Amino acid sequence: MISDSQNRWYFRMWGAVTRYCKANGLPAPDRHLLHTRALGVDKSHKDFDDDDLDDVLSVFYAIAEPDNLEIQVRFTTMRRTRRVFACRRNAL
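Please read these numbers as outputs of a predicted model, since none were measured by experiment.

Calculation notes
- Residues numbered from 1 in each chain as written.
- Predicted model: local features only at pLDDT ≥ 70, side-chain atom pairs only at ≥ 80, totals over all residues.
- Heavy atoms only, no water.
- Phe/Tyr/Trp six-rings, centres within 6.5 Å; stacked < 30°, edge-to-face > 60°.
- Helix = DSSP H or I, 4+ residues; strand = E, 2+ residues; numbered from the N terminus.
- Buried < 20%, exposed > 50% of the residue type's maximum accessible area, 1.4 Å probe, protein only.

**Q** Would you mind going over the packing of aromatic side chains with me for this structure?
**A** The description of an aromatic ring pair uses the distance of the two centres, along with the angle that the planes make with each other. What the rule picks out here adds up to four aromatic pairs. Their ring planes at 80 degrees and their centres at 6.1 Å tell us that Tyr-10 and Phe-48 sit as a pair that is edge-to-face. Of this pair, Tyr-10 sits in helix H1 (residues 4–23) while Phe-48 sits in the loop between helix H2 (31–39) and helix H3 (50–64), and the two are 38 residues apart along the sequence. Residue Tyr-10 shares its accessibility class with Phe-48, and that shared class is buried. Here a set of aromatic residues connected by ring pairs shows up, and it is made of Tyr-10, Phe-11, Trp-14, Phe-48 and Phe-60.

In short, the description is geometric, and any link to function would need to be established separately.
Below, the structure written as C-alpha cells:
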C-alpha cells in the first residue's frame, strides 16, 4: 500500500501525463491501461507496493518527460537503490 506522499506523487505525475498529451494534441491515455502496460495487470494504485509504483511512474515519466533520460534510468535502478538503502539502514 502506498503512502500519502506517494499517492500525491502518483497523481502529480498523472497530471503531467495529461498536460503533456493535451499540449501536444494527443489523446490522454487511459490510466489503467498504463498500469497494465507497466505491471502486466490492471491494479488499483492504492494497492501498489513500492516496486509497482516505480514501474508505473516510469511509464508516466516516459510519456510526460520523453527527453528526460536521467529520470527514466533512475527508475530502472530504483529497486536496487531501495534495497541497498534498506540494507545499510538495517546494518547500523
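Now that the structure has been shown, the text picks up again.
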